[in-house]
Structure formats: C-alpha cells, structure tokens
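Chains, contacts and geometry: an overview
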Amino acid sequence: MANKRLYKILKKVKKEQLSIRELSDEALSEKTAEFRRRLSEGASTNSILPEAFAVICEADRRILGMEPYDCQILGGIALHYGYLAEMNTGEGKTLTATMPLYLNALTGKSTMLVTANEYLADRDAQEMGVVYEFLGMTVRSGVSVEKASGRGNKEKRQIYNADIVYTTHGTLGFDYLLNNLVSSAENRFLREFYYVIIDEADMVLMDAATMPLVISGVPRVQSNLYAMTDFFVTTLRPELDYIEEEHSVWLTDEGVAYAERYFGIEKFYAAENFELNRHVTLALRARVLMEKGRDYVVTEQGEVSLLDNGTGRVLPGMKLRGGIHQAIEQKEKLKLTQETRSIASITFQNLFLLFPRMSGMSGTISDARKELRQIYKKRVVVIPPHKPLIRNDQKDLFFKNAQIQYEEAVKEVLRRHETGQPVLVVTSTIADTEMISNILVERGVAHSVLNANNAYWEAQIIKEAGLRGMVTVSTGMAGRGTDIRLGPGVRELGGLAVIGVGRMANVRLERQAQGRAGRQGDPGCSQFFVSLEDDTASSVGEKTLEKYVEKDYHISNRKLKRLINGAQKRKEEQAVFQRKRSVDYDKVLKRQRVMIYGVRNRLLDGGSLELNTVRQLAYESVRMFLKETRRPDMGDVTRYVLNNICYDLDSRILSVKEGMSKKTLGRILTSYVTAVWENRTKSFSSEDELKEFIRLCSLRAIDDAWVEQVDYLQQLQFLVSSWSSAQRNPVFEYHAEAYKSFLGMERTIKKEIVRNVFLGTKKYSKTGEMYILFP
C-alpha cells in the first residue's frame, strides 16, 4: 500500500489547493514562470511539489472539467518519486500523469510519457495538451495516427524539444537508435533523457523485455540453406533427436550425430560449419517454438507479422532477428524476404535504464514487484481505488478437454447475454477468438471480435463493449487503454461480465482481463474456464495429456486444478528465466554500445584524433601486416600498400626484394608511411581542415565496424542457445565470444581509420561542406 510519506505530501497538496483556487486564470497560468524561476534559483522539484501539483490540479478542473481525486494525486506523487504505481483499471491514470509530467517539465529537461500504442499516445497528447498549453507549456505527440510516412530529423527535433512528449515505447526506442546513427551533430534530434513515465509498465518492462528493437540495413547475401535445413528439421524425432525445454530447443547427442550423417560433415559444432549450425538452430526454433496465431500471423499479402503475446496486437515493422524471420517464412512456404544485417539494437530494459528518473503505472504491476526491484531497482506501490471494488471474481472452472471447456464457456455467455448483460470474452490466442466467434455465429449471437486482424477498430469496439446486449470477443487486454464504460441500465443487470477462456501465460494477464469489469465501484463479475488443453498447460507433459484427455481417465477437480495452475507457475518461472537470460546477454552489448556511442558523440561534437595518433596507427598497421603475414613476398607487400597506404607505388616499394627480413621490410614500410603521411598533410589548406577530414574518416571506420559487431552478436545469441546440448554454458560462451569479437572490432577500427585517412579523397559540396569518397 501507499506509504505514510506519500500521504503526508498529499495533505500538503490539499492545503495548497485552497489558496490556488482563489487565483484568476491569468494568475494561475503565470505560476509556471514563477516555478521555473524558483528552480533556477536553487529550489528542488520536491520542494515545490505541493504547490505545483495544486496548480495542475486546478488547471485540470478548469480546462477539462475533471478534478483529480485524492487517489490520483497520491498516484502522481508516487510517480514523481520514481515508484512503479499499481492503479486499478478505470482509476484515471491519464489524468494522474499530468501532475508529475508538469512538475518535471518545469526543469526544462526532457519529460516523456510512453504508452502502449499510437492511438493512446496521440489521444492523450491532444486531450491533455490543452491543460499544459493553458499553463504555458508545449506538448507534442511523438507519433501520428494519420501520417503514414516517417518524420524527418527536423520535425523530430521539434517534437522532442517540446516540454512534454507523449509517445510509444517502440517509437522512442527506434528514435534512440536512429539518433545514434546520424552522421553529423546537426542531424541529432533527441535531447538528453531525464524523466519518463511508462504506461502499462509491467507489459513494457517485462513482457516485451526479451524482444530487442533492431535497426536493420545493408542486406546480407541471401542464404540457400533455409529450405535444406527446414526439411532436415521435419525429419527429426522429438525427445530423441531434440529436446524442448524452457522456451529453448536443442539437438541431443543422437540429433547431432544424425545431422553429421545427413549433411556429410565430421563436426557439427566446428567453426567451418557455423552457418549450417546457425540455420539448423533457426529452423528448429521456427518449427518447434514459434506457433502461428500465437507468436505470428500470415497476412493476406503473404507476409509474416509478429504478435505481442500479451495483447494479441500485431507489432508493425518488427521482425525477428538473426534469420529466424526467414526460417518462419520457409516453414510457412512463403517467399523469403531479404535477410538484413542488424546495425543497431537495444532492449526496452536498457532503453529505460538510460533515464535518470523513471517511473511507471499499471493495473497489475504488484505481482512482479520482486523481479522489478531486482532488475530496475524500483519499488512498487499500490494506490487504493477511489471507490471500493465490488466486482465478483468467481472461482475458476476446470475441465479435462477443450471441447467441454468451450461448450460451457459459450453456455455462460449465452445465459448472460439473454438477460441483456454485456459480456467480454477474453482468450489468449487469435485462434481461440476465432473459434469462439464461429460458435457464436452458429448460435446467432451478434458480437464484435478484437484481435490482431482488426486492431484498427480497437478503440471503438472497446468503447461499446459495456452497452446493453453487447458481446465482445478479444485477445489479451493488456495495454488496451480505453475504459469500458457501462451503458444505461447495465448496472442493474450486474455490470460487465468477463469470461476468460484458457489459462493465460501469467496471473497479471488474467488480472488485466478481470480489471475491465468493476471500474470505479461499478458492479461486474469475472470467471475463467480452463482446461488441460490450454497452451499454458502444455508443460504438464504428453503422457499426462494422453492419459486424461485422449484416453478419458477419471481425474479429480483438485488434481486438475493443481496440474493446470502448476503449469502456469512453471510458465511464469520460465518467462522470468528468459528475461534474466536476456539481461545477461544484453549486458555485453550495453557495455560495448555505451563505449561506441560515447566515442561517436565526441566525434560528432567536433572532437578528432591527434595527428600523431593517426601516424602511430599507421605504424601499427605495418606491424600487424608483418605479424599476420608469415613470409611476405613482393606481391603481399604491393597488395598491402595499395589496399592501405597509397594508390601510387614509388621506387622504395618497387625496390623490395624477395627474401628480405621482416625487420628490414618493416623499416622500409615505416619510412614509406612517413613520407606518404607528410605529403598527405600538406594537401590540406589548414590543420583544422585536416582534423575535420580525420574526424569524418574515424566516424566512418567506427560505424562500419560497429555494424558488423552488432550483427555478429545478434547471430551469436541465437547460435549459443543450442550450445547447452554440447555441455557448454551459453551465457559464459556468449560473453567470452563477444569479448573476443570486441577486441577484433578494435583492431578493425584502427586499420580502417588508417585506410580512410590515407586513401580517402576529400570533396566539397555546393554549400562548402566536406564529404569524403572512401576506399
């Protein structure tokens, strides 16, 4: 529950409200300038909180006609102090957020609210924007529902320069990556991160945490191994040739031996079989772990679109990394899209840890307080509702098989529908929504269906779900964001009835579904119909399912309940393990990303390598060439010079003789590099021009090497998932390989800086801006 400290601050806010209410509109709006002045003179946001909250509460009342309740003010205080606040569905989280957003925006630093989808971000920016503008602040939406084409950097800079920004977590993540790919400081559009509120925080920080955001580009050469390995995987025997466990799958020793015989190779895990190994792993994951209708859908255009497992929403523009997307396309016999190279990547976990001040809100976040504390170092506080909850959450009903489960669930829907009571049927997969819908069509019941196939109508469908006689069938409700208000006469019928079909992946998703009924003291009820054939219950094992489902053995309700609930608990534990594994993997990329982005930013801001440093790198390039070449002959030396130092060979290089010692050769090459460097520096009109040239060459070298490194680490993550079958610790192996590749990237960057500086050709645009033709 909310702690005593928050209640003490609430009392101070209530006291300030009495005097603030007496102010004229003009005097109220002038408070913003006063607060900013006080902050500039040394006051803290904590010290002005009571008065600032009183001002925004009064503005909400005057402009929107909505005065925040005490519980909303309490929630706002918690959000300012960096808590993750649990507030029941319908408690007005949108209005709650106006208070901490206003207070933190007074600092002049970046202040954002990220929500689950574009519709909500756009709606909240427009509806709440009038309040901020009344108080003299600017507010922008980082997304646009109507604008199909992307925004340019100039427009994005205007958006992120606003006092308050409403956007989605996906948009912000991709913008962060794009901002760190710009080639000049003028093209950067993000301000330094400061304060963020995450709506539906448990969904963003946990359910979406293991799928990283990836910027792709520079197409790979398309592999012809997808079809071959997909067919190979269809010949494997479950449990004998491969094992599936904890959302991972790998070949057994028998499976590895079979693969070696099938492909005619000696060592499946040998370095030379890296690509084959990778494609077998991808095909195995696509066939065994990825399920159509649960993890992805195939559109009418023949494209694979990923699904958010929590909400059933399509994730537009997102592709699985490392070739798994193409493996799914091969599995579905679709035309393979071009496998692209990953050039930048970040998980939501690391994105939001970039904010010095981060808070969040959700209706179901307290269930995950331990994990959130461990990963994000955040405390969860439960905000009491404005009105007591009177919803009747009935006991779950357990069934042996899906047929009886669906029949009984539909009977309950029909029974309540006949009285006129609105019913919301919530399922865990798209396939289940369509199955329920087909049964309702057969029974002649008019209804609406909300899943990834018609998410465009989402807000309208949800808005009408509380009207008399309405039946709505939907996938998971997390992040829907639109309240279901009861229509006339519905309270007397018992309010909204939520019928859950199937045990969901975790308790939070079930609580989200239940929370759609009984908002702000309304009547309502919920009941779940679950069976051994639910996806979540699959971990009970094939023998158990065969015994009680196919052979129809008797099973007590108590044992049935224990089996199904135990399966859900294991599923949740697996999800926690996957998120922890994701954090372990991403620690490496995070450290490397921080270093690379730090160097890039220094270069973008005008920094450059010292001239002597570049010369020393060139000397090091010579030493590396001699070290890596066992017995360099005239051909080796010529190729090295033409590829790294100069396109014109002079007599010193032509005088190199066969059989020269490496020491003598080193002296000749070093002398030659010095001469080329001196001529090179003389070709520039000033030292500033030379340093700008070196800066651009360095930036290009870093970017090219970083693209290769990010792509390699993405591939490596997928590959190491199969190494546990070879008695190797995947995380340890990943860290070791990633460190080796980082050292290799450092060497590549040094080598490419030398190549770019010595072989690059400077040019100038019509505007006088330098650009380089790189080798």
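Residues numbered from 1 in each chain as written. Predicted model: local features only at pLDDT ≥ 70, side-chain atom pairs only at ≥ 80, totals over all residues. Heavy atoms only, no water.

Structural notes on the packing of aromatic side chains
Taken as a whole and assessed by the stated rule, the structure comprises 19 aromatic pairs. Measuring from centroid to centroid gives 5.4 Å for phenylalanine 232 and tyrosine 258, while their planes differ by 25 degrees, and the two rings are stacked. Here phenylalanine 232, found in helix 11 (residues 225–234), pairs with tyrosine 258, found in helix 12 (residues 253–263); they are 26 residues apart in sequence, far enough to count as distant. Put simply, the rings of Tyr176, Phe193, Phe348, Phe352, Phe355, Tyr597 and Trp706 touch in pairs and so form one group of aromatic residues. Over the ring of tyrosine 81 we find arginine 5, and its NZ or CZ is 4.0 Å from the ring centre. We note lysine 762 situated over the ring of phenylalanine 684; from NZ or CZ to the ring centre the distance is 4.4 Å. (Phe/Tyr/Trp six-rings, centres within 6.5 Å; stacked < 30°, edge-to-face > 60°. Helix = DSSP H or I, 4+ residues; strand = E, 2+ residues; numbered from the N terminus. Lys NZ or Arg CZ within 6 Å of the ring centre and 35° of its normal.)

Re a positive patch on the surface
A surface patch of positive charge is lined by Lys4, Lys8, Lys11 and Lys12. The exposure class of lysine 11 is exposed, given its relative accessible area of 66%. (Patch = residues over 30% accessible without salt bridge, like charges linked within 9 Å, V, L, I, M, F, W, Y side chains within 5 Å. Areas by Shrake-Rupley, 256 points an atom, 1.4 Å probe, with all protein chains shown as cover. Salt bridge = Lys/Arg side-chain N within 4 Å of Asp/Glu carboxyl O. Lys, Arg positive; Asp, Glu negative; His and termini not counted. Charge placed at Lys NZ, Arg CZ, Asp CG, Glu CD. Buried < 20%, exposed > 50% of the residue type's maximum accessible area, 1.4 Å probe, protein only.)

Observations regarding the sheet that holds strand 12 (residues 357–362)
Taken together, seven strands build an open sheet; the order of strands is 3-4-2-5-12-1-13 and the sheet is parallel. Sheet topology places strand 3 (139–141) and strand 13 (380–382) at the edges, where each strand pairs with a single neighbour. With strand direction ignored, the average angle separating the axes of adjacent strands in the sheet is 20 degrees. Of the strands in this sheet, strand 2 (111–115), strand 3 and strand 4 (164–168) touch helix 7 (residues 118–134), which is tilted by about 170 degrees from strand 4. Lying over the sheet, helix 8 (residues 153–160) contacts strand 2, strand 3 and strand 4, oriented at roughly 135 degrees with respect to strand 3. (Pairing = 2+ DSSP bridges. Axes fitted to C-alpha atoms, helices over the stretch in contact; angles between N-to-C directions. Contact = heavy atoms within 4.5 Å.)

Observations regarding the pattern of salt bridges
Once the charged atoms of two side chains with opposite charge are near each other, the side chains can pair. Enumeration according to the criterion identifies 40 salt bridges in this entry. Aspartate 230 serves as the salt-bridge partner of arginine 287, at 2.9 Å between the closest nitrogen and oxygen. With a gap of 57 residues between them, arginine 287 in helix 13 (residues 274–288) and aspartate 230 in helix 11 connect regions that are remote in the sequence. Accessibility expressed as a relative area gives 31% for arginine 287, which makes it partly exposed. On the basis of relative accessibility, which here comes to 4%, the residue aspartate 230 falls in the buried class.

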